[in-house]
Amino acid sequence: MINEQIRDREVRLIGPDGEQIGVVSSREAQKIADEAGLDLVKIAPNAKPPVCKVIDYGKYRYDLARKEKDAKKKQKTVELKEIRLSPNIDTNDLNTKMNAAKKFLAKGNKVKITLRFRGREMAHMNSSKHILDDLAEQLSDIAVVEKAPKIEGRSIGMVLAEKR
């Protein structure tokens, strides 16, 4: 709330230089803000009495937006990358997929490894689980199993995350 929107009887006022002026009526506070050529902004509405500050409202909003933008910039979003395998994958193809997983993990992403079954391969789901276990074992120096291999319909999925 700014300027005339403030309807409280008394407010604790902070001056334009950050000094404590004290508890004054809202009319008095508005007069002080007008004399300084600035806005009266309520910064702590739940306090008793509410805290108001004499500041340039446009600059205040700009600074808030800037802080928010900087906070977003510093955040690291972790993506979930997926690598799909089939149960009859050859060793060289498995090594290629493993190198891709290493790259994803090095960039800080999580990797979901999915072993997909088609047609008659569905009959041998349990015997193909060793492919995921071998892959997790080979990547154990840089990755940790976050979600153990689990059967999900026509596939078995497992999630790996970078070791900290």
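So, how was this worked out
- Counting from 1, residues in each chain are numbered in the order their sequence is written.
- This being a predicted model, a pLDDT of at least 70 is required before a residue's local features are given, and a value of 80 or more before pairs of side-chain atoms are given or counted; all residues contribute to the totals for chains, interfaces and linings.
- Computation of side-chain values: all heavy atoms of the structure, hydrogens and water removed.
- The pairing criterion is simple: DSSP has to find at least two bridges between the two strands.
- Comment: elements are numbered from the N terminus, with helices defined as DSSP H or I runs of at least four residues and strands as E runs of at least two.
- Simply put, an axis is a line fit to the C-alpha atoms, just over the touching stretch for a helix, and the angle between two N-to-C directions goes from 0 to 180 degrees.
- Contacts are assigned to residue pairs that have any heavy atoms within 4.5 Å of one another.
- UniProt positions are given in the numbering used here, feature names are shortened, and annotations may be inferred rather than shown by experiment.

### With respect to the sheet that holds strand β2 (residues 20–25)
For step 1, the next point in the chain: Ordered in space as β2-β1-β4-β3, the 4 strands form an open sheet in which the pairing is mixed. In the strand order of this sheet, the two ends are held by β2 and β3 (39–44), each with one partner. Strand-to-strand, the axes of this sheet are offset by a mean angle of 35 degrees, without reference to chain direction.
For step 2, the next point in the chain: As paired elements, strand β1 (residues 10–14) and strand β4 (residues 51–55) share 3 bridges and run parallel to each other. By the bridge assignment, Arg12 is partnered in β4 with Val51.
For step 3, the next point in the chain: Sheet contacts for helix α1 (residues 26–36): β1, β2, β3 and β4; angle to β2, the most-contacted strand, approximately 130 degrees.

### Digging into the UniProt feature "domain: Translation initiation factor 3 C-terminal" (unreviewed entry) in the protein
For step 1, the next point in the chain: Within this structure's numbering, the places UniProt gives as "domain: Translation initiation factor 3 C-terminal" (unreviewed entry) are residues 78–163.
For step 2, the next point in the chain: Note that residues 78–163 is 30% helix and 36% strand, and that its end C-alpha atoms are spaced 14 Å apart.

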